[in-house]
Every structure is written in structure tokens, then in C-alpha cells.
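Here are the chains, one letter per residue:
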Amino acid sequence: MNRTRALTEGAILASLYAVLFLITLFLPVLSLFTIFLLSLPYAIYTVRHGLKKSMVFVLTTMVLTIILGSVTAINVPILFGSVGVVMGHLYRKKISAFGLLAGAALTYLANFILIYVVSILLLEINLIDTMKQSIEETIVLTEKFSGAMGGDAEATIQQLRELVEIVPYLIPALFVILSVVFALASIFVTNLIMKRFRVEVPHWEPFRNWSFPKSIIWYYLATILLYMTNPEQGSALYIVTMNLYIVLEIVLAIQGLAFIYFYFWVKKKGKTIPVLVTISLFIIPVGLHVVRILGIIDLGFDLRKRIKPEA
């Protein structure tokens, strides 16, 4: 009976994967959403039938992918299959929300690294070269546009040229950031569906309560001190310093944003202003410096404990 149910559900979920795969492959606009649903069939199957049977399910979808797409698309079931299986296993273990995030993010990270290595060794496609070429094309377009409009975009062009130089060294940070973003999106979508299947999903703390360890400040300070030593570009110390600096700045910005949400919650002023602040950071990046400073103060001086609620 259990075997029949596993086969039946496997066929249904494999069909669901096939539909999502085809949409992602041939409908670019919808793919922005469906790409985060690709891990869902694997997560559901793993929750219901465990790790061993889920391996067979992954192999089945790999065959489907080759039939519907091509051999080169095999990375899709490998990437999203592994993430979905890990997530499904962690749902079964009833792990915490941040444990689920860590598991999904680390799986994405391992896959991104694998894809990057394979693309260089087997397909002779270098992600770094592609990114540099895109930036260089942007520089050419910027120069042409500024010339046609009679403007001076030298500062922007210079920044883009500097970006071309450092892009190869920022791949680790880029992979980490993408892994966390993909993991959060996949978990958000999967949680919504899992609730429909009456699967217990981990509880997330409200964003206003998010807080990182105080040790983050010391790591950030150490990174700044290393950065001030002007390590030689391309050296191991340079690569480590640059990537740590970027990741830690994002962490401190998140801490600062969480404090802003906490402040307006305590003062009972609603979420409108915090949401507008969050959106503005994508439009006016300079605001990130202020938010980051708030994050540092909040971590260092327990700023939230000093906020008094409205009488």
C-alpha cells in the first residue's frame, strides 16, 4: 500500500515538476516566479516518503529533464532537487526556521560552486569573463549616451572600470548572497504550500526581533583594519577582506533595518515608514550607511533595550 502511494504521489509530483520546468524554460516572465517553485515537488515528496525514496524521485526528474529539455539542462534537477530534498528532510526533523535557512542556503551555495566549476572545466564558460564583458558593454553604452547628451559621466564610467577590476575577486560574496536570497524565496513559497498539506513549518521570529551576535562588530572592525593595510590586489588576504567586508556590511544593514522596525513597533506607529525606508534603500543606496550605523549601535549598546514604549 505504501509503495503504491509512493508511486502515485511520485507520478503526480513529477508531472508538477515537468510543468514548472517547461514554464521556467520557455516563459521568461513567469520563470521569475516558477524558478522558486522547482524545489517544491522534491520537498513535498521527501516530507511524505523520506530520503531514500526521494533519491529515486530525483533520478526520475533528471530523466524527464533530458526528455523535455536537453542534457545541458540536467543541472536544474540537480540544483533544485538537492535543495528540495534537504528542505524536506529538515521539515521532517522539525528544525528551527534559521536552521532550515542555513541548510537551504548551504545547499544552494554548494550547487553554485559546482555549476561554476563545471561550466569552466567542461563547457569552457567563465562566469567572471561574462560579467566583465557585460560591465564593459555598459561602459561603452554610457560613454556613447553621455556623448550624445553632451553630459559628463566620467565619474560613473570610472566606477564601472573599477568594478571590472574587482569583480573576479567578489565571486565568493556574490555566491553567498545569492544562496541566501534563493533560500529565503524557496522557503517562503514552500512554507505556503506545506501549510496546505498540513505539514508543520518552523516559526519565524518577526523581523523586528532579528538580531545577530555581538561578535559581528569585532569581525567587522577586524575586516576594516585589514582593509586599511591595503593588501595587494589579487592576494588571498585581499580576496578574503573584500568578501568579508561586503557580507558583513549587508549583515549590519539588516540589523539596522530590524531596529527601525522594532522602534516603530514599540512606538505603535505602524509599518508604513519602515517599509518606505526599506524601499528607499534600493533607490538611494547612500541611506545604507545610516542604517548600517544604526545596526552597529544597536548591536554594541543594546539600543532596543533603551527604547521605551509609548504611554
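Every value quoted in this text rests on a predicted model; they were computed, and no experiment measured them.

This part covers unusual backbone geometry. The phi angle at K268 is positive, at roughly 55 degrees, despite the residue not being glycine. Although it is not a glycine, D302 sits at a positive phi angle of roughly 50 degrees. Along the chain, D302 falls in the segment after helix 12 (287-301).

Here the focus is helix 12. If you check helix 12, its first and last C-alpha atoms are 21 Å apart, about what 15 residues at 1.5 Å a residue would give, namely 21 Å. Among all positions of helix 12, only V291, R292, G295, D298 and L299 are buried. Along the long axis of helix 12, the arc covered by the buried residues comes to 120 degrees, so they all point the same way. Seen from the buried face of helix 12, the exposed residues on the opposite side, beyond 90 degrees, are V290 and F301.

Together, L22, L25, F26, L27, L30, V63, I67 and L68 make up an exposed nonpolar region whose accessible area comes to about 720 Å². Listing elements by their share of the nonpolar patch, those giving two or more residues are helix 1 (2-26) and helix 3 (40-68). Assignment of secondary structure puts L68 in helix 3.

Attention now goes to the packing of aromatic side chains. This structure, assessed with the given rule, holds 22 aromatic pairs. Look at Y17 and F21: their rings are 5.9 Å apart centre to centre, the planes differ by 20 degrees, and that puts the pair in the stacked class. Of this pair, Y17 and F21 are both found in helix 1, four residues apart, which corresponds to roughly one turn of the helix. What makes Y17 buried here is its relative accessible area of 1%. Owing to a relative accessible area of 3%, F21 belongs among the buried residues under this scheme. Taken together, a centroid distance of 6.1 Å and an interplanar angle of 45 degrees make the contact between F262 and W265 tilted. Here F262 and its partner W265 are both found in helix 10 (residues 236-266), three residues apart, which amounts to about one turn of the helix. Assessed through its relative accessible area of 13%, F262 is described here as buried. For W265, a relative accessible area of 48% corresponds to the partly exposed category. Members of the aromatic cluster, connected to one another through ring pairs, are F36, F80, Y108, F112, Y116, F175 and F182.

Right, let's talk about the side chain of T107 for a bit. Mapped onto the secondary structure, T107 falls in helix 5 (residues 97-121). A distance of 2.7 Å separates a polar atom in the side chain of T107 from the backbone oxygen of G103. Those residues within four positions of T107 in sequence are excluded, and the remaining contacts are S82, V83 and V86.

Let us look at the nonpolar core. As a rule of thumb, nonpolar side chains are buried together in soluble globular proteins. By size, the foremost hydrophobic cluster in this structure holds 43 residues, and its most contacted members are L38, M87, Y91, Y108, I187 and M194. Once residues lying within four places of it in the same chain are set aside, the contact partners of I187 are M87, Y91, L100, L101, A104 and W204.

Right, let's get into the environment of L170. Mapped onto the elements, L170 comes out in the loop between helix 7 (154-166) and helix 8 (171-196). For L170 and V240, which are 70 residues apart along the polypeptide, the C-alpha to C-alpha distance reads 9.2 Å. Apart from residues no more than four positions distant in its own chain, L170 is found in contact with M242, N243 and I246.

Because each turn of an α-helix spans 3.6 residues, side chains separated by three or four positions end up pointing in the same direction. Given a rise of 1.5 Å per residue, 18 residues ought to cover 26 Å, and the 26 Å separating the end C-alpha atoms of helix 4 (residues 75-92) matches this to within 8%. Along helix 4, the residues that are buried comprise V76, P77, L79, F80, G81, V83, G84, V85, M87, G88, L90 and Y91. The inward-facing, buried residues of helix 4 contact helix 1, helix 3, helix 5 and helix 8. Looking at the residues trailing helix 4, positive phi occurs at K94, about 55 degrees.

Oppositely charged side chains can form a pair if their charged atoms are brought close together. Counted under the stated rule, the structure contains four salt bridges. For E9, the salt bridge identified is with R48, shortest N-O distance 2.9 Å. On the criterion of sequence distance, the pair formed by E9 in helix 1 and R48 in helix 3 is long-range, its members being 39 residues apart. Among the residues examined, R48 registers a relative accessible area of 36% and is labelled partly exposed. Between D298 and R304 there is a salt bridge, and its shortest N-O distance comes to 2.8 Å. Grouping residues by exposure puts D298 and R304 together as buried.

A word on the side chain of S186. Mapped onto the fold, S186 is located in helix 8. Separated by 2.7 Å, the side chains of S186 and Y108 make a polar contact. Residues contacting S186, with those up to four places away along its chain left out, are F36, S39, M87 and Y108.

Turning our eyes to something else, we now look at the packing of helix 8 against helix 10. Between helix 8 and helix 10, the least distance of the axes is 8 Å, while the angle of their chain directions is 30 degrees. By the angle class used here, helix 8 and helix 10 are roughly parallel. Helix 8 and helix 10 meet at a crossing whose hand is right-handed. The residues of helix 10 that touch helix 8, namely those facing I171, P172, A173 and I177, are N243, I246, V247 and I250.

What counts, and at which threshold
Residues numbered from 1 in each chain as written. Predicted model: local features only at pLDDT ≥ 70, side-chain atom pairs only at ≥ 80, totals over all residues. Heavy atoms only, no water. Helix = DSSP H or I, 4+ residues; strand = E, 2+ residues; numbered from the N terminus. Expected span 1.5 Å × (residues − 1). Buried < 20%, exposed > 50% of the residue type's maximum accessible area, 1.4 Å probe, protein only. Arc of directions from axis to C-beta. Patch = residues over 30% accessible without salt bridge, like charges linked within 9 Å, V, L, I, M, F, W, Y side chains within 5 Å. Areas by Shrake-Rupley, 256 points an atom, 1.4 Å probe, with all protein chains shown as cover. Salt bridge = Lys/Arg side-chain N within 4 Å of Asp/Glu carboxyl O. Phe/Tyr/Trp six-rings, centres within 6.5 Å; stacked < 30°, edge-to-face > 60°. Polar contact = N/O pair within 3.5 Å; in protein donor to acceptor, adjacent residues only side chain to side chain. Contact = heavy atoms within 4.5 Å. Core = buried A, V, L, I, M, F, W, Y, C linked by side-chain atoms within 4.5 Å. Axes fitted to C-alpha atoms, helices over the stretch in contact; angles between N-to-C directions. Parallel < 35°, antiparallel > 145°, perpendicular 65-115°, else oblique. Left-handed = near helix turned anticlockwise from the far one by under 90°.

That is the geometry; function is a separate question.
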